[in-house]
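Structure at a glance
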Amino acid sequence: QRDLVRRGRLSDDRTGEVAHFLSSMAADHRIADMDVLVDMAHLLMLERQGIMVTDAAQAIMGALLGFHRDGVPPEAYDEEFEDIHAGKEAALIARVGEEFGGRLHMGRSRNDEVATCIRMRLRDDLIALMEETNDLRGVLLALAGEHRETIMPGFTHLQHAQPTTLAHHLLAYEAAFGRDVGRLRDALVRLNECPLGAAAFASTGYPIDREMTASLLGFDRPMGNSMDAVSTRDFALEALSACAVEMATLSRFCEEIILWSSAFVRFVTLSDGYSSTSSIMPQKKNPDTAEISRAKAGTVAGAFTAALTITRGLPMSYNRDLQELTPHLWQGVTAARESVAVFAGLLRTAAFHPEPMAEEAAVGFSTATELADVLVREFGLPFRTAHSVVGRAVRKGALDLDTVEASAVEVAGISLCDRGLTAERLASALDPAVSVASRGICGGPAPAETARAITEREDAL
Ligand code: ARG
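Predicted model only: the values in this text are computed from it and were never measured. In this numbering scheme, every chain counts its residues from 1 along its sequence in written order. The predicted nature of this model means local features are confined to residues of pLDDT at least 70 and side-chain atom pairs, given and counted, to a pLDDT of 80 or more, with totals for whole chains, interfaces and linings taken over all residues.

**A short note on the environment of Ile 84**
Note the cut-off: Working definition: helices are DSSP H or I runs of at least four residues, strands are E runs of at least two. Numbering for both runs from the N terminus. Labels follow a simple rule on C-beta atoms placed from the backbone: if 20 or more others lie within 10 Å of a residue's own, it is buried; if 12 or fewer, it is exposed; otherwise it is partly exposed. Our contact criterion uses C-beta atoms placed from the backbone: two residues qualify when those atoms are within 7 Å.
Relative to the elements of secondary structure, Ile 84 occurs in helix α6 (residues 84-96). On the neighbour-count criterion, Ile 84 (28 C-beta atoms within 10 Å) is buried. Spatially, the C-alpha atom of Ile 84 lies 35 Å from that of Leu 250, the residues being 166 residues apart in sequence. What Ile 84 contacts, discounting residues up to four positions off in sequence, is Met 25, Asp 28, Ile 31, Ala 32, Asp 35, Val 72, Ala 76 and Tyr 77.

This is the structure we're talking about:
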């Protein structure tokens, strides 16, 4: 048998179908490089502790350095092996002999080995996703800086609601992505503990130094309980949930970009590099990158759901079910990373169109709230009365002086004209730019306030 792990206990009569079914090799490509580093740390520690004779340590390190430089040799990836750990050990023994190479697995198990590899690889992926998300945040802040005066309609229920600015809209997404980075960082802090030394689950009788391997591999500390160390994948669930939450936000933005790029909205034009066309309709330019990113949110949520469902109900400690989780982890994290990176490029190269945005900001009576506020502030009406006066005028179909005055008489029995309302004052109350400029409190869309917010967020970034 080439799989030396099976050699002692099991006969050779296993079909290729079963070997393929059991092997994690397809997903193990992702952790092979980490596994070589784990081997090196474990080896150095065994030698330092006097557990591994120096001759063997030197021979093994020579082979491992070769694997590190050139990659784990192809024969180690055969699905005849249950996993890369078994395949790599066989490749090592083929190079330095079993007398030396057969000593590396002292004081460890594949259970602590694989958990360590996954944490290390995930750590790199999470850091990369944080960087990619911060890059996207930088694009948003730069665009916001260019569009502080770009008036656009704001919506609730996807109905015209109140005017805002494109900067305000972009800053809303930047705030959400900032929290996403916070969640990824939290996941990173908790995952950065080292399972190595837990062995199968009950730790080991060898006098190993868990602090040393943990620190060599960049972990903050060894995990405190060896049973927990091999059996939990909560770190993967936490990372996937952070990815799923981020993707939920990204997919909202994708939805808006798709809507905005439509000819009946035309707020944005995507660059050709991020667009597709049709095989039958020669005129078509489609926002496929935004659509695929929107769909990836489903992929990531599915990966999280699969991982959570695989872990639920598992008894202590290691169960092979955990192997089935790992591909979902990589699929989810990869989908999030690719989507965020592509979307940043889409935004960076998109052209926004202030004119149709400004046109839309004025339709649908979207400054009615500001008019009601003016009736409160300058003409002494209670807000609910002003709300009814303006609402009645909208029902009549106009916010001109005659209609507003008639509505005030009907609703409240008062004359606004007697109190000094003029056509000019009414017109300025209905101007979207005036409405936006008046909303200068913390968090609002007024250009002075978004300027302050952009500076604050750039500092935070
Ligand atoms: N390939 C396994 C995994 O991905 C690790 C090895 C544990 N195998 C075992 N038979 N205990 O979880």
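**Some details on helix α13 (residues 288-311)**
Operational definition: Multiplying one less than the number of residues by 1.5 Å gives the expected span of a helix.
With 24 residues, α13 ought to run about 34 Å at 1.5 Å a step, and its terminal C-alpha atoms sit 35 Å apart, in line with that. By the burial criterion, the buried members of α13 are Thr 289, Ala 290, Ser 293, Arg 294, Lys 296, Ala 297, Val 300, Ala 303, Phe 304, Ala 307 and Ile 310. In the core, the buried residues of α13 are packed alongside α12 (234-260) and α14 (321-348). With its phi angle positive at about 80 degrees, Gly 313 sits one or two positions after the end of α13.

**Some words on the pairing of strand β2 (residues 159-165)**
Basically, it comes down to this: Paired strands, in this sense, are two strands between which DSSP finds at least two bridges.
In terms of strand pairing, strand β1 (residues 151-156) meets β2 through 6 bridges, oriented antiparallel. When the sheet's bridge partners are listed, Met 152 is paired in β2 with Thr 164. Once β1 ends, the chain turns through 2 residues before running back antiparallel as β2, passing His 157 with a positive phi of about 55 degrees.

**Topic: the packing of helix α16 (residues 368-379) against helix α17 (residues 383-396)**
Helix-helix packing: each pair is described by the crossing angle between the helix axes and the interaxial distance. Rule in force here: Axis lines are fitted to C-alpha atoms, over the contacting stretch for helices. Their N-to-C directions set the angle, which ranges from 0 to 180 degrees. Convention used here: angles under 35 degrees read as roughly parallel, angles over 145 as roughly antiparallel, angles from 65 to 115 as roughly perpendicular, and any remaining angle as oblique. The crossing is said to be left-handed when, going from far helix to near helix, the turn is anticlockwise and less than a right angle, and right-handed when the turn is clockwise. Each residue receives one of three labels: charged for Asp, Glu, Lys and Arg, nonpolar for Ala, Val, Leu, Ile, Met, Phe, Trp, Tyr, Cys and Pro, and polar for the others, Gly being one of them.
It is at 8 Å that the axes of α16 and α17 come closest, and there the two elements cross at 135 degrees. Classed by the angle they form, the pair α16 and α17 counts as oblique. As α16 packs across α17, the resulting crossing turns out to be right-handed. Where α16 approaches α17, its residues Ala 368, Leu 371, Ala 372, Leu 375 and Val 376 are matched on the opposing element by Phe 383, Ala 386, His 387, Val 389, Val 390 and Val 394. The residue inventory of the contact of α16 with α17, partitioned by class, reads 10 nonpolar, 1 polar and no charged.

**Overview of the site of the ligand**
Counted only if it meets this: All residues are tested the same way: a C-beta atom is placed from the backbone, and lying within 6 Å of a molecule or strand makes the residue near it. Throughout the structure description, domain borders are defined by an automatic or database domain assignment.
Neighbouring residues of the ligand: Ser 24, Glu 82, Asp 83, Arg 110, Asn 111, Val 114, Tyr 318, Arg 320, Leu 322, Gln 323 and Thr 326. Those elements giving two or more residues to the shell around the ligand turn out to be α8 (110-146) and α14. Class assignment for the residues of the shell around the ligand results in 3 nonpolar, 4 polar and 4 charged. Residue assignment places the shell around the ligand across two domains, with domain 1 (4-106) and domain 2 (111-200 + 220-353) each supplying three or more.

**Concerning the UniProt feature "domain: Fumarate lyase N-terminal" (unreviewed entry) in the protein**
Note the threshold: UniProt positions are given in the numbering used here, feature names are shortened, and annotations may be inferred rather than shown by experiment.
In this numbering, the UniProt entry assigns the feature "domain: Fumarate lyase N-terminal" (unreviewed entry) to residues 82-302. The span residues 82-302 carries 61% helix and 9% strand; its end-to-end C-alpha distance comes to 26 Å.

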